[in-house]
Amino acid sequence: MTEAVIIGVGLHPFGRFAGKPALDMGADAVRLALADAGVNWPQIQGGYIGSYEVANPDAIVGRLGLTGVPLRGVFNGCATAGTAVALAARAIETGEHDLTIAIGLDKHPRGAFAADPSVAGIPSWYGQTGLFLTTHFFGMKINRYMHDHGISHETLARVASKNFRNAAGNEKAWRRTPLTPEEILASPVLNYPLRQFMYCGPNEGAAALVLCRADQAHKYTGKPVRVRSTALRSRRLGAFEVQSPSFPVGEAVESPTVDASRAAYELAGIGPEDVDVAQLQDTDAGSEIIHMAENGLCKDGEQERLVAEGATEIGGRLPVNTDGGLLGNGEPIGASGLRQIHEIVLQLRGAAGARQIPGTPRVGYTHLYGAPGASAVTILST
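In this report, we go over the structure that sits alongside the text. (Residues numbered from 1 in each chain as written. Predicted model: local features only at pLDDT ≥ 70, side-chain atom pairs only at ≥ 80, totals over all residues. Heavy atoms only, no water.)

Notes on the overall build of the chain
Along the chain, the regular secondary structure elements total twelve helices and eleven strands. Based on the C-alpha atoms only, the size of the chain along its principal axes is roughly 55 × 50 × 40 Å. Burial analysis of the chain (382 residues in total) assigns 59% to the buried set. Looking at the chain alone, contacts between residues at least 24 apart form 75% of all its contacts between residues at least 6 apart. Accessible surface, the chain as shown: approximately 14600 Å² in total, 52% of it carbon and sulfur. Between the mean site of the 33 positive side-chain charges and the mean site of the 38 negative ones, the chain shows a separation of 4 Å. (Helix = DSSP H or I, 4+ residues; strand = E, 2+ residues; numbered from the N terminus. Buried < 20%, exposed > 50% of the residue type's maximum accessible area, 1.4 Å probe, protein only. Contact = heavy atoms within 4.5 Å. Areas by Shrake-Rupley, 256 points an atom, 1.4 Å probe, with all protein chains shown as cover. Lys, Arg positive; Asp, Glu negative; His and termini not counted. Charge placed at Lys NZ, Arg CZ, Asp CG, Glu CD.)

A few points about the environment of Ile290
Along the polypeptide, Ile290 turns up in helix 9 (residues 285-294). The spatial distance from the C-alpha of Ile290 to the C-alpha of Thr257 is 10 Å, given a sequence separation of 33 residues. Ignoring sequence-local partners within four residues, the contact set of Ile290 consists of Lys141, Ile142, Tyr145 and Gln303.

Examining the packing of aromatic side chains
Within this structure, the stated rule accounts for four aromatic pairs. Each ring, one from Phe137 and one from Phe240, has its centre 5.2 Å from the other, and the planes form 50°; the classification is tilted. Here Phe137, found in helix 5 (residues 134-149), pairs with Phe240, found in the loop between strand 8 (225-234) and helix 8 (256-268); they are 103 residues apart in sequence, far enough to count as distant. Across the pair, Phe240 and Phe137 agree in class, each one buried. By the ring-pair criterion, three or more aromatic residues cluster together here, those being Phe137, Phe138 and Phe240. (Phe/Tyr/Trp six-rings, centres within 6.5 Å; stacked < 30°, edge-to-face > 60°.)

Some words on unusual backbone geometry
A negative phi holds for most residues other than glycine; trans holds for most peptide bonds. Note the cis peptide between Tyr192 and Pro193, where omega equals 5°. Following the sequence through the fold, Pro193 ends up in the loop between strand 5 (189-191) and strand 6 (194-195). At the junction of Ala371 and Pro372, the peptide bond is cis and its omega measures out at 0° in the coordinates. Locating Pro372 in the fold gives a position in the loop between strand 10 (363-370) and strand 11 (374-381). In the Ramachandran plot, Asn321 falls in the positive-phi region, its phi being about 55° despite a non-glycine side chain. Residue Asn321 is classed as buried on the basis of its relative accessible area, which comes to 1%.

Overview of the packing of helix 5 against helix 9
Relative to each other, helix 5 and helix 9 sit at 60°, their axes nearing to 9 Å. Comparing the axis directions of helix 5 and helix 9 gives the class oblique. Two packed elements cross with a definite hand, and for helix 5 against helix 9 that hand is left-handed. Contacts from Phe138, Lys141, Ile142 and Tyr145 of helix 5 reach helix 9 at Gly286, Ser287, Ile289, Ile290, Ala293 and Glu294. Residues of the contact of helix 5 with helix 9, tallied by class, amount to six nonpolar, two polar and two charged. (Axes fitted to C-alpha atoms, helices over the stretch in contact; angles between N-to-C directions. Parallel < 35°, antiparallel > 145°, perpendicular 65-115°, else oblique. Left-handed = near helix turned anticlockwise from the far one by under 90°. Nonpolar A, V, L, I, M, F, W, Y, C, P; charged D, E, K, R; others polar.)

Structure (structure tokens):
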């Protein structure tokens, strides 16, 4: 099977851009990725594009050029971008195309994500009582995790503080004002134990990746980044996920993140100990803590010590969310995972500037988690 590599990345800033349509942001990101790869839009043979708010994101071809390119829309909640890059890589690996693109874009209104419970097969009363909110679920989940594994409120605050500090060194991030753990702990509680500055916010932005056959990469770049593996898993019966109206009875069932992570490691032929830098879904500070363990990067409860020791800082043993993560960047759903990969590519190239991790990183890891319980993992390497 032919190997796929990333040869170009492009990122539109994340934030709020009044009067600028999501499709225009996406087109800007694509142009940046094309320029980075040294290719022109007519050379792209196929692609995948994801968005939550834009019903027909493939309409972006009107901004880029009507070349007849097959551009397929994809959606898996917050795991959308993992699907886009996986399919773009698969088209190369199977020989369907030589040059592909993955695109993500979104423009969300202010406020927490919410929906009609009927979309998940849950009665309307669940929403009418205010329970069908992502902020509520994540508060409950980390509260139980803290009780079971000895995680403190201070650790939640340190994770959020780290990500805001990392975002301060990222010119394309949304929230670039550093906050101390004390300032974060002093902010209002939204859904106990999570406070205002422990949550990410829906916002706007776009990102794109250009991929090609590994044996042709030399024509475009001297630093291709290998797509070692991609994996997507949905929830299994008994798992406690975003839209679960109750906690399952009986033996606990592992999260789809655990399933996706194990599959990705096996496909890549590496283990968690080989990861040099990671991007984890930090919808809230508690999610980053939980996902460290679910992705095999530590054991449950070890996060308390690792965070206190600075292991997840840019200069630490395992840097996590070096560009600020979702807390610092916000989350335009379709683009969020491609932002993660954009950051890993920069880190593996040694081109991340002030937030570049020490040494010569060789393996990067990205993870997404989306409602109602889907996880995507992508492993990249030099």
